[in-house]
Amino acid sequence: MTIPEERLRQLTHRFAELEARMASGTLEGEEFVQASRDYAELEPVARAAAEVREMRAEIAELAALTEDPEMRAMAEEELGELRRALPEAERKLALAMLPRDSADERPAMLEIRAGTGGDEAALFAADLFRMYEGYAAEQGWKVETVSINANEIGGFKEVVANVTGKGVFAKLKFESGVHRVQRVPVTESGGRIHTSAATVAVLPEPSEVEVHIEDKDLRIDIYRASGAGGQHVNKTDSAVRMTHIPTGIVVAMQDERSQHRNRDKAMQVLRARIYEKKREEVEGAEAAARKAMVGSGDRSERIRTYNFPQGRVTDHRIGLTLHKLPEVLAGHGLGEMIDALIAEDEAKRLAAMDA
């Protein structure tokens, strides 16, 4: 897409003004913090705009030189190179100018739950969790488990983890949805292929300041934990169930021996769920349009199939199939899938912007 020269001039001028303010030494406190955020957000756009302006100016100069018989050959050669390079520079600028999801740089709460398929679904949920752990390690992120509800054969009925690092939500946000697996379960004696599923939810994590929860809006129930976790879990009233009365959101936590630790973890998960709900309400149509780019991100939507007999992974939203199932499940091949989703999202947003 071609961005008008006046728009580019405005961008570079605004960035120059902001640079001057930052260098003046007169900004303090919150004003300096806000200016720093604006600078970080505007810098890549302004740099890309300056590059496009320079290329356009050089093209105009070279076009004029082609009128000179002595300079024509050299000018035409350089002109051809610049004209071929300009569309890619303009595309990079357009991508930089796309509105960003305000939550992209945030850490995320990753929730994986076994769906249909019993024990096999729980084993698949554990596979997915290890896949995201592998991908996170490759990205230099930290994964901290918040809650695990395991079954007797090593599967996860539910696992919740906090993922921190640079650009976590931006890269994981399209993972929300139903993940389906087709394979022969370890519990299947007849060798038949079964289809099971697990749901993944990725929520941006807010700070305490952004989501302040009043005590009066909470109902907290303390009870005796049950299930896996060791005998000590069942001997004390340490499990916590939190209900946020205004939204009806409920979080239960029983992994820790300490009631206090369970309360802290439950509050962490509750805060993330409330933030996502408020974020969607505030952003409204914009959030809906963004999610529509490569699928709604809703946990009821089947987004990907992991087929073991054929060794392939297919993302149904963009029609991409990778014949490298072991690599994807190890986390090393997942980046190719995620990068393709991000590229598809960007392409559709650019097309919408150009329409």
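Residues numbered from 1 in each chain as written. Predicted model: local features only at pLDDT ≥ 70, side-chain atom pairs only at ≥ 80, totals over all residues. Heavy atoms only, no water.

*Asks:* Please explain the packing of helix α2 (residues 29-65) against helix α3 (residues 72-97) as it appears in this structure.
*Replies:* Packed helix pairs are specified by the crossing angle of their axes together with the interaxial distance, meaning the distance between the axes. α3 packs onto α2 with a crossing angle of 160 degrees between their chain directions and a minimal axis gap of 9 Å. By the angle between their directions, the pair α2 and α3 is classed as roughly antiparallel. Every pair of crossing elements has a handedness; the one defined by α2 and α3 is left-handed. Of the residues that constitute the contact of α2 with α3, the class distribution is 19 nonpolar, no polar and seven charged. (Axes fitted to C-alpha atoms, helices over the stretch in contact; angles between N-to-C directions. Helix = DSSP H or I, 4+ residues; strand = E, 2+ residues; numbered from the N terminus. Parallel < 35°, antiparallel > 145°, perpendicular 65-115°, else oblique. Left-handed = near helix turned anticlockwise from the far one by under 90°. Nonpolar A, V, L, I, M, F, W, Y, C, P; charged D, E, K, R; others polar.)

*Asks:* Teacher, can you tell me more about the nonpolar core here?
*Replies:* With 34 residues, the main nonpolar core has I112, L128, Y132, L172 and Y306 as its most contacted residues. Elements represented by at least two residues in this core include exactly β1 (108-114), α4 (118-139), β3 (156-164), α5 (168-172), β5 (194-204), α9 (325-329) and α10 (334-354). Looking at this core, the element that brings in the most residues is α4, giving nine residues. Each residue touching Y132, except ones within four places of it in the same chain, is listed here: L110, I112, L172, E175, H179, V200 and L334. (Core = buried A, V, L, I, M, F, W, Y, C linked by side-chain atoms within 4.5 Å. Buried < 20%, exposed > 50% of the residue type's maximum accessible area, 1.4 Å probe, protein only. Contact = heavy atoms within 4.5 Å.)

*Asks:* Whenever I open this one, α3 confuses me. Can you help?
*Replies:* Along an α-helix, residues three or four apart share an orientation, since each turn contains 3.6 residues. Across its 26 residues, α3 extends 36 Å between first and last C-alpha, which sits within 8% of the 38 Å expected from 1.5 Å per residue. In α3, a bend of some 30 degrees at L86 exceeds every other bend along the element, and P87, a proline, comes one to four places later. (Expected span 1.5 Å × (residues − 1). Bend = angle between axes of the 7 residues up to and from the residue.)

*Asks:* Sorry if this is basic, but what is going on with the sheet that holds strand β11 (residues 320-322) here?
*Replies:* In spatial order, the strands read β2-β3-β1-β5-β4-β9-β10-β11; together these eight strands make up an open sheet with mixed pairing. Of all the strands in the sheet, the pair left with one neighbour each is β2 (142-150) and β11. Along the sheet, successive strands turn relative to each other by an average axial angle of 15 degrees, direction set aside. (Pairing = 2+ DSSP bridges.)

*Asks:* Looking at this model, I keep getting lost on the side chain of T12. Mind explaining?
*Replies:* Assignment of secondary structure puts T12 in helix α1 (residues 5-24). A relative accessible area of 18% places T12 in the buried class. With residues up to four places along the chain from it excluded, the contact list for T12 reads A46, A49, A50 and R53.

*Asks:* Would you mind showing me how to read the environment of A239 here?
*Replies:* Counting through the fold element by element, A239 comes out in strand β7 (residues 239-244). For the pair A239 and Q259, spaced 20 residues apart in the sequence, the C-alpha separation amounts to 6.2 Å.

*Asks:* Would you explain the confidence of the model for the protein in this entry?
*Replies:* When pLDDT drops low, the exact placement of atoms in the prediction is not to be read closely. In this model, the protein carries a mean pLDDT of 85, and residues with pLDDT of at least 70 account for 88%. The model gives residues 295-299 a pLDDT under 50, and that stretch makes 15 contacts with residues more than four places away or in other chains. (pLDDT = per-residue confidence, 0-100.)

*Asks:* Would you mind showing me how to read the pairing of β7 here?
*Replies:* Here is the key point about a regular strand: its side chains alternate between the two faces of the sheet. Across the six residues of β7, five count as buried, placing the element largely inside the fold. Pairing between strand β6 (residues 218-223) and β7: six bridges, direction antiparallel. Bridge pairing in β7 places I222 opposite V240. With five bridges connecting them, β7 and strand β8 (residues 249-253) associate as antiparallel partners. Along β8, the bridge assignment pairs R241 with A252. The loop that links β7 with its antiparallel partner β8 comprises four residues; one of these, G248, has a positive phi angle of about 80 degrees.

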